[in-house]
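Analysis of the macromolecular model
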Amino acid sequence: MVKADKNWESGSSLVARQIGSDIITGVYSESEKLPLEAQLSEKYEVSRNTLREAMRLLAAKNLVEIAPRRGTSVLSREQWNVLDRDLLEWSADRFMHDRRFMEELVRARCMVEPAAAKEAARGATDEQIATLWDSYTNMVAQAEAVDTSASLEADLAFHIAVSEASNNRFIKSIGHSIIHAMRLNFRALFTVPYNFVGNLENHRLVAEKIAARDPLAAEAAMLRLLDQSEGDTIRLFEPDPITSTEGPSSTND
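Residues numbered from 1 in each chain as written. Predicted model: local features only at pLDDT ≥ 70, side-chain atom pairs only at ≥ 80, totals over all residues. Heavy atoms only, no water.

Observations regarding the nonpolar core
Core analysis: the biggest nonpolar cluster contains 29 residues, and Ile-19, Ile-23, Tyr-28, Leu-58 and Leu-63 have the highest contact counts within it. Put simply, the parts of the chain that give this core at least two residues each are α1 (11-24), α2 (37-44), α3 (48-60), α4 (85-90), α5 (92-96), α6 (99-123) and α9 (169-189). Setting aside its immediate chain neighbours within four residues, Ile-23 contacts Tyr-28, Leu-63, Val-64, Val-74, Arg-77 and Trp-80. One finds Tyr-136, Phe-158, Val-162 and Ala-221 within the second-largest nonpolar core, a separate group that totals 27 residues. (Core = buried A, V, L, I, M, F, W, Y, C linked by side-chain atoms within 4.5 Å. Buried < 20%, exposed > 50% of the residue type's maximum accessible area, 1.4 Å probe, protein only. Helix = DSSP H or I, 4+ residues; strand = E, 2+ residues; numbered from the N terminus. Contact = heavy atoms within 4.5 Å.)

Things to note about the packing of helix α7 (residues 126-141) against helix α8 (residues 148-165)
At a closest axis distance of 8 Å, the pairing of α7 and α8 adopts a crossing angle of 165°. Between α7 and α8, the angle is such that the two are roughly antiparallel. In terms of crossing hand, the pair formed by α7 and α8 is left-handed. Of the residues in α8, those touching α7 at Gln-128, Thr-131, Leu-132, Ser-135, Tyr-136, Asn-138 and Met-139 are Ala-154, Asp-155, Ala-157, Phe-158, Ala-161, Val-162, Glu-164 and Ala-165. Taken together, the residues that form the contact of α7 with α8 break down as nine nonpolar, four polar and two charged. (Axes fitted to C-alpha atoms, helices over the stretch in contact; angles between N-to-C directions. Parallel < 35°, antiparallel > 145°, perpendicular 65-115°, else oblique. Left-handed = near helix turned anticlockwise from the far one by under 90°. Nonpolar A, V, L, I, M, F, W, Y, C, P; charged D, E, K, R; others polar.)

Quick look at the pairing of strand β2 (residues 71-74)
Within a regular strand, the side chains alternate between the two sheet faces. Alignment of strand β1 (residues 64-67) against β2, held across four bridges, turns out to be antiparallel. What sits directly across from Glu-65, in β2, is Ser-73. In sequence, β1 turns back onto β2 through a hairpin of three residues, with Arg-69 there showing a positive phi of about 70°. (Pairing = 2+ DSSP bridges.)

Observations regarding the environment of Gly-231
With respect to the helices and strands, Gly-231 occurs in helix α12 (residues 215-236). The sequence separation of Gly-231 and Val-106 amounts to 125 residues, and the corresponding C-alpha distance is 9.8 Å.

Focus on the layout of surface pockets
It is a probe the size of a water molecule, rolled over the atoms, that shows where empty space is left. One number sums up the size of the largest pocket: a volume of about 430 Å³. Arg-77, Val-82, Phe-95, Phe-101 and Glu-104 are the residues nearest the centre of the largest pocket, which is lined by 15 residues in total. Counting only elements with at least two residues in the lining of the largest pocket, the list comes to α5, α6 and α9. Here the lining of the largest pocket takes five residues from α6, the largest share from any one element. (1 Å grid on protein atoms, 1.4 Å probe; cavity = no way out; pocket = protein on both sides within 12 Å on 5 of 7 lines; lining within 4 Å. Points joined across faces, edges and corners; volume = space filled by probe spheres on them.)

Take a look at the structure:
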């Protein structure tokens, strides 16, 4: 049996990524009408059928709007599907330096994750609580690790475990939807000194309160955890105090 190559990418997906990246980096501006199909086919060296499928993929991500007889136009950034995994991957560098994106994400998490912790404390199974503790234990094991990617995945696994333990289909769906955006947020936050280690205790408290079947305490513990994440997100975009104070001194005459 021939094994499928997990890195294989269809022609339509490949050209969607190329055009999507060009949109994100500003090669094509918001509200701009894209070149004619024949021109795009020639530029990206694909057939028209492949290009059309790529455009349908981009339209599903709200990057473009396809209008019969009027052509294809780039939609505004406000309309982009910021939860789409491909879009987040293509625009990772941009979003990781986008203060508004990062702060909006943390605020969105503040609406969802405390509720997930509260519901988990109400109805998590013993197996789900064991999985949550395993996730926390893995985070502790990664505390001194050099490989930040492993720490990041351990952190994400903890939050997914809380979402799963809520046993609420809507909360679980939202949790899985925002996880790719959270990965970008965590990658950025790991550049803040002591971000990961400094929030371990709050993760322990979340697991402890869920295991104790205390909904209000679990909700409060998650809010404390997110308060620290929000503070670190703000710090991420603050100027370095050493750098910001350098420069020629001024005197008042």
